[in-house]
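Take a look at the letters that make up each chain.
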Amino acid sequence: MTGSPVFKNKLLPYLLVAPQIAVTGVFFVWPAAQAIQQAVLRSDPFGLRTRFVGLENFKVLFSDPYYLGAIRLSFLFAAAVTLVALSVALLLAVMAHRPLRGARVYKTLLIWPYALAPAMAAVLWLFLFQPSIGIVARALQGVGIAWNYTLDGGQAFFLVVLASVWKLVSYNFIFFLAGLQAIPKSLLEAARVDGASSRRVFWSVVFPLLTPTTFFLLVMNTVYAFIDTFGVIDALTKGGPGKATETMVYKLFVDGYKNFQINSSAAQSVVLMALVILLTAVQFRFIERRVHYA
Amino acid sequence: MRELRQNGFAHLVLLVGIGILLFPLYMAFIGSTHDAATIGRGRLPLTPGSHMVENYLQAWNYGTGERVAGTPVRIMMANSLAMALAIAVGKIVVSVLAAYAVVFFRFPGRTFFFWLIFLTLMLPLEVRIIPSYKVASDLGLLDSFAGLILPLLVSATGTLLFRQVFLTVPRELLDAAKIDGAGPLRILVSVIVPLSRPSLAALFVILFVYGWNQYLWPLLITTDPKMNTIVIGIVKMLGTSEAMMDWNLVMATTVMALGVPVAVVLLLQRWLVKGLVETEK
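Reading guide: rules and limits
Residues numbered from 1 in each chain as written. Chains lettered and ligands numbered in written order. Predicted model: local features only at pLDDT ≥ 70, side-chain atom pairs only at ≥ 80, totals over all residues. Heavy atoms only, no water. Contact = heavy atoms within 4.5 Å. Polar contact = N/O pair within 3.5 Å; in protein donor to acceptor, adjacent residues only side chain to side chain. Nonpolar A, V, L, I, M, F, W, Y, C, P; charged D, E, K, R; others polar. 1 Å grid on protein atoms, 1.4 Å probe; cavity = no way out; pocket = protein on both sides within 12 Å on 5 of 7 lines; lining within 4 Å. Points joined across faces, edges and corners; volume = space filled by probe spheres on them. Helix = DSSP H or I, 4+ residues; strand = E, 2+ residues; numbered from the N terminus. Phe/Tyr/Trp six-rings, centres within 6.5 Å; stacked < 30°, edge-to-face > 60°. Buried < 20%, exposed > 50% of the residue type's maximum accessible area, 1.4 Å probe, protein only. Lys NZ or Arg CZ within 6 Å of the ring centre and 35° of its normal.

Enquirer: Give a detailed account of the interface of chain B and chain A, specifying residues and quantitative values.
Expert: On the chain A side, the residues contacting the 102 residues of chain B number 89 residues. At the surface where chain B touches chain A, the tally comes to 14 residue pairs in polar contact (both at pLDDT 80 or more). Tallied by class, the residues present in the side of chain B that touches chain A amount to 75 nonpolar, 16 polar and 11 charged.

Enquirer: Can you break down empty space enclosed by the protein residue by residue, with the values?
Expert: Tallying each qualifying case throughout the model produces three cavities of 30 Å³ or more. Its volume calculated, the largest cavity comes out at about 60 Å³. Taken together, Q20 of chain A together with K91, V94, S95, L153, S155, G158, L203 and L207 of chain B make up the lining of the largest cavity. Listing elements by their share of the lining of the largest cavity, those giving two or more residues are α4 (73-104) and α11 (197-212) of chain B. Examining the composition of the lining of the largest cavity, we find that three residues originate from one element, α4 of chain B, more than from any other. Here the residues of the lining of the largest cavity sort into four nonpolar, four polar and one charged.

Enquirer: Any chance you could break down the environment of V255 of chain B for me, citing the residues and the numbers?
Expert: Residue and element names in this part refer to chain B. By the secondary structure assignment, V255 is in helix α14 (residues 247-267). Sequence spacing of V255 and M122 is 133 residues, and the spatial spacing of their C-alpha atoms is 33 Å. Once residues within four sequence positions are removed from consideration, V255 is found in contact with A28, F29, S32 and Y56.

Enquirer: How would you sum up the packing of aromatic side chains? Please name residues and give values.
Expert: Under the definition given, this model contains 37 aromatic pairs over all chains. Consider the rings of F127 of chain A and W247 of chain B, whose centres lie 5.5 Å apart with planes at 40°: the pair is tilted. Linking F127 of chain A in helix α5 (residues 118-129) with W247 of chain B in helix α14, this pair reaches from one chain into another. W247 of chain B carries the same exposure label as F127 of chain A, and that label is buried. The structure contains a cluster of three or more aromatic residues connected by ring pairs, namely W112, W125, F129, W147, Y149, F158 and W166 of chain A. The residue whose ring lies beneath K167 of chain A is Y114 of chain A, and the NZ or CZ to ring-centre distance is 5.7 Å. Over the face of the ring belonging to Y66 of chain A we find K243 of chain A, whose NZ or CZ atom lies 5.0 Å from the ring centre.

Written as structure tokens, this is what we have:
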């Protein structure tokens, strides 16, 4: 809104923003500042003496093979989750966008997993894949696959990816469907009149027009895979076996809350904050561009 | 003919997709209708058993079976419901007020406040979890509803959404209300809020689900089993997830825990889709 303000009160606007600013200050700015402060300090194990160490904590962190492993794992995990969840959701959205009989029922049945917590998705899949009672696990063992995700790191990784993707597909489906519905029908008709096959229409017309949605979802899915999948990992594997499913957020939690390594976990917080800010910034740059040129 | 074949293919893809989405839910339901021994032997049938009523009553009233110590579902449900409602309503109130100030007033520090709110969009609770825990503990908020709810009221999504909505309110409408003698708060309650009803409904669904599904924060902040939310309660029941435990009760609890947010999403599906797509902008 440009031009003169609607109201001229002096005090009222401050009272209106006060609740938001108070909560933000106490539970956001303060802890974030604490994290940054702790990240450049080091305390002895008894918390008696604390001294300034500059970037030492980060140096230690990035030369720690376990942390480097967690970074590699997080990126691999994010790539797997994002790629599969986007492809499956796009396929389902394109199919559900067709004028089918029962399309509304289909859509409803594809949306409901949005309501589930990541940890709940993990519990549902755990029940199927628990090595001695899960019916899918038993079936796998029946055909000669030694299924036991509590011992096999690769299987554990597969299972957390599966549960994470399963929960994410609905979210992506909602956005892809909205994106498809926003594409003018006349455009598709024109392409078809020109004799393009449906495959050709999809890759040359529909998919490029969906780019903004795809990009938005790419960023959201990456953030989900890095941050929100904590619940999936905690309920399914607790980061194990070994460190096979210990992502950056899970390691931050274990080091800070279970091992009381306050300074190291603070440094890990700062690394993750930087990562999330970077992702958000990239996204806003892109959206700005879209507003200008589209 | 080609059209028909393609539609057949679309039906097939959608049915397979829906099948994969529904299968774990169906098996959870099946698991909640058998007794623990049947499940523990690893021979779970694909059809419902005869223990449904007793499993659900047991989970609802006691939450504890022979091999698992839990909290009654009715207590955890009440906790989750209180938390989800408080977060949804609280966030909406806080962000409506802030957006109203930012859009309709000019005051020193307005841009600064806007950016401060915007900044919170970038940093999820998880990445600053340990210092946030320390703040909550210093303020004596551990094991309290205030501790569960207050830190989760920080989010910029709502404020940004309402800012977009408020910017579309025609200026003439506000001027007319002013001429009729209405003050800023009166206009907020009688003009702005009614006009924003669709967005309020949309955000309510999103935030209710968000609140119900909180995991890491309640896990840290509450240690008293009486304070468990249902999502936390189920994962705690699982523990080391061994074969011989009361899977029937865990699954009955799971089905009840899913029921509430799924019902909210299905009933308010239209608003959810609208709200999600709008927050993207």
